[in-house]
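Below, each chain spelled out in residue letters.
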Amino acid sequence: MLHTIRKCSSMKNDSESLDVPDHLFVDAVKLIDAYLLRARHPNGTWNQGFLPFDVGSQRSDSTMRFILFRRRFTHNRVAAIDEAINNETSPMIDVEELKALGLNLNVIANLWMVDVDVNETDFPASGKKRIVPKFLNRILGLGLTKQSLLMDYFLTFLEVEVKAARAAGKMDVGIKTLTGQHVEIVDKPRSFSFSEDCQVKVYKVTVDKGMTFEAAFKNYSEELAHQNEGAKIVTGFYTQQGRGHKIPKVRLIISTDKRSKQVIVYRPNAGRGVLTKTYVSSRIRLGDLTLLTSEDKIKELWETEYSLADIAFPTGKNIDFNLTSFFDTNHSHVSSFVSFRVSSWV
């Protein structure tokens, strides 16, 4: 988001719905006009590149230079300033006209960031560390209207990231949800008391992570309904070749969103998992993974591996968890942590 603001990028469709009051645009344009006036000579000429004669003397100068890369917008303001000085009036500001020339929330948000000292060093390129905590703390120094707009804008970016993480199977929900055909708490919990008001209880949970052929085929059918055309990895059932495999292995591989670097993998003995597209593509290219086309053969291999999972894969289908839960004696369960092991994919 911050990198998008810094570049003064055009607004995306999902962000254009943000209702920015016109007076915020007007206030921003007045600041831009004041910057440009510092580049105007008393004789009416303009300094080269519309750079102020005292450029660098104000904190917002570097930000203004990014904004004024929009030439049509800049020439509009230069003409408005010249006309206003000749007529001894204030420069005319037509918000709708300026929006057509590139004025948007990203442009004026740059100026807001200057006010709370979020500068160019805090606008990292893709792949570098983000400064979300600093951003969220600093915008508290803005007026409520600006705060609300930037938070709504931030949430539109967050929603995109969450959707991508869900599609890639990388969504960290914070509290782990145990899923499987059967989840059961076994044995009595171990209880630890650190004070009269708080207890820690440790549960042992058994989870059957196996997946039946019917459940796998249902996932496969649902994915085909909205499968992306031209995907490099075809969604389908694959057999896995490899050394030491006494039992033929079968996998359901779901090709995810093009932006994702991972695919979703379903296994008879361990349910859902993820692998990188690079890894899967290399295994297909080397012939270690072969796409199956016969539904009868797929069902036979899947059910065979599923029925033997408890014997052939002792750490696979049935998995023991240690579940540590924190309770307040006066309140309900508030958090949990789990860890588990599954058999290796290779």
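Residues numbered from 1 in each chain as written. Predicted model: local features only at pLDDT ≥ 70, side-chain atom pairs only at ≥ 80, totals over all residues. Heavy atoms only, no water.

(A) Structural view of the overall build of the chain. Counting secondary structure elements, the chain contains 12 helices and nine strands. Residue burial in the chain is summarised as follows: out of 346 residues, 40% are buried. A separation of at least 24 residues holds for 63% of the contacts in the chain among residues at least 6 apart in sequence. Only carbon and sulfur atoms are counted for the fraction: they give 53% of the accessible area of the chain, which is about 20500 Å². (Helix = DSSP H or I, 4+ residues; strand = E, 2+ residues; numbered from the N terminus. Buried < 20%, exposed > 50% of the residue type's maximum accessible area, 1.4 Å probe, protein only. Contact = heavy atoms within 4.5 Å. Areas by Shrake-Rupley, 256 points an atom, 1.4 Å probe, with all protein chains shown as cover.)

(B) Representation of unusual backbone geometry in the model. The backbone phi angle of Phe-50 is positive, close to 55°, even though this residue is not glycine. With respect to the helices and strands, Phe-50 occurs in the loop between α2 (22-37) and α3 (61-67). Its identity as a non-glycine residue notwithstanding, Glu-88 has a phi of 55°, on the positive side. Tracing the chain through its elements places Glu-88 in the loop between α4 (71-87) and α5 (95-100). Judged by its relative accessible area of 75%, Glu-88 is exposed.

(C) The sheet that holds strand β7 (residues 289-291), seen in detail. Strands sit in the order β6-β5-β4-β3-β7 across an open sheet of five strands; the sheet is antiparallel. Each edge of the open sheet is held by one strand with a lone partner, namely β6 (271-276) and β7. Each strand of the sheet is rotated relative to its neighbour by a mean of 35°, with strand direction disregarded. Sheet strands touched by helix α11 (residues 295-307): β3 (236-240), β4 (249-254) and β5 (262-267). Its angle to β4, the strand with the most contacts, is close to 110°. (Pairing = 2+ DSSP bridges. Axes fitted to C-alpha atoms, helices over the stretch in contact; angles between N-to-C directions.)

On their own, these measurements won't tell you what the molecule is for.
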